[in-house]
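# Examination of the molecular architecture
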Amino acid sequence: MAKIKHSVYTSHVPAIGAAIDLGKDQEPYWKKVFDGYEFSKQWEKDNKPDVIILVYNDHANNFGLNLIPTFALGTGEHFPTSDEGWGKRPVPDVVGHPELASHIAHSVIQDGFDLTLCNEMEVDHGLTVPLSLMFGQPEEWPCPVIPLHVNVVQYPVPSGKRCYELGRAIRRAVDSFDGDLNVQIWGTGGMSHQLQGPRAGLINAEWDNKFLDRLIEEPAELAEVSHIEYVREAGSEGIELVMWLIARGAMDADVDLIHRFYHVPASNTAVGHLILENKD
Ligand code: DHB
Ligand code: FE
């Protein structure tokens, strides 16, 4: 049977991708960020997934104001990376897993979540930077990836509670897939940051660390936090953190902490990172 044993959570700052691509990762500013992922890269080698469900947000690269799906699942075989304005990142394209993705679509839609399905889409830094952080710079990504895009860019955004419940539904879907697969689910984006307006540059380390504590220990309660609190406490782009609740919802209530890292700053963003394991 397919099984979710692990979840990974990480920020997705585009400048991290540029630092890797331009060979700046050993510069003192960036080394402090990448040091937090040394453990994780080795851990991924030791716990290689067969497929990753990667929850991320597009930043007006594939979707725009013409099309705003709240939740969009990548059911295709192949997802090219976006050119975000300064050329494509020199990273491999993403290979999908249509069989598991279409099973998740059937299960989750019948379970009450009316997903948009994408047989074709491009994926931006929201998806490729987490892959680079966890896998470095391979010729090919080590396994297929099912992208799950969440609209956290254009209001109205989904609530934390809806995201958490979607995660629960994804867990039921994976548990009912007839195939022997070790599935990881990743929640990406965040942590606190605001990129524009009078509060540009906002970072709230105390709130971020409380979020990490609660995500591990009391995710159902954390899911009740309103979108206004994310914006007020973690900045306008801090709302990306609702995506972590999808991954957490797909895990057991009780989990073991494998790795935790927090660092400020990377570009305009607080970087947070967790690896969680189901207990059984
Ligand atoms: C930055 C962070 C993001 O999450 C993003 O999507 C774009 C930019 C930043 O910190 O610069
Ligand atoms: Fe972002």
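The structure under discussion appears in the preceding block.
What this report covers is the structure whose coordinates are included nearby. (Residues numbered from 1 in each chain as written. Chains lettered and ligands numbered in written order. Predicted model: local features only at pLDDT ≥ 70, side-chain atom pairs only at ≥ 80, totals over all residues. Heavy atoms only, no water.)

### Quick word on the side chain of arginine 171
- Positionally, arginine 171 belongs in helix H6 (residues 160-175).
- Relative accessible area serves as the criterion here: at 16%, arginine 171 is assigned to the buried category.
- Not counting chain neighbours up to four residues away, the residues in contact with arginine 171 comprise Ile4, Ala250, Met251, Asp252 and Asn278. (Helix = DSSP H or I, 4+ residues; strand = E, 2+ residues; numbered from the N terminus. Buried < 20%, exposed > 50% of the residue type's maximum accessible area, 1.4 Å probe, protein only. Contact = heavy atoms within 4.5 Å.)

### Observations regarding the site of ligand 1
- Lining the immediate surroundings of ligand 1 are His12, Val13, Pro14, His59, His125, His193, Leu195, Glu240, Ser267, Asn268 and Thr269.
- One of the side-chain nitrogen or oxygen atoms of threonine 269 is found 2.4 Å away from an oxygen atom of ligand 1.
- Here ligand 1 has 290 Å² of accessible area as a free molecule, and 89% of this is covered by the chains.
- Among the detected pockets, ligand 1 sits in the largest pocket.
- Tallied by class, the residues present in the shell around ligand 1 amount to 3 nonpolar, 7 polar and 1 charged. (Near = heavy atom within 4 Å. Polar contact = N/O pair within 3.5 Å; in protein donor to acceptor, adjacent residues only side chain to side chain. Areas by Shrake-Rupley, 256 points an atom, 1.4 Å probe, with all protein chains shown as cover. 1 Å grid on protein atoms, 1.4 Å probe; cavity = no way out; pocket = protein on both sides within 12 Å on 5 of 7 lines; lining within 4 Å. Sits in = over half its atoms within 2 Å of the grid points. Nonpolar A, V, L, I, M, F, W, Y, C, P; charged D, E, K, R; others polar.)

### Let's talk about the pattern of salt bridges
- Per the counting criterion, the structure on display carries 11 salt bridges.
- Its salt-bridge partner being arginine 172, residue aspartate 111 comes within 2.9 Å of it at the nearest N-O pair. You can see aspartate 111 sitting in the loop between helix H4 (98-110) and strand S6 (116-118) and its partner arginine 172 sitting in helix H6, a full 61 residues away along the chain.
- Here aspartate 213 makes a salt bridge to arginine 260, at a shortest N to O gap of 2.8 Å. Separated by 47 residues along the polypeptide, aspartate 213 in helix H7 (residues 205-217) and arginine 260 in strand S9 (residues 255-266) bring together distant segments of the chain.
- The partly exposed category is assigned to arginine 260, whose relative accessible area is 31%. (Salt bridge = Lys/Arg side-chain N within 4 Å of Asp/Glu carboxyl O.)

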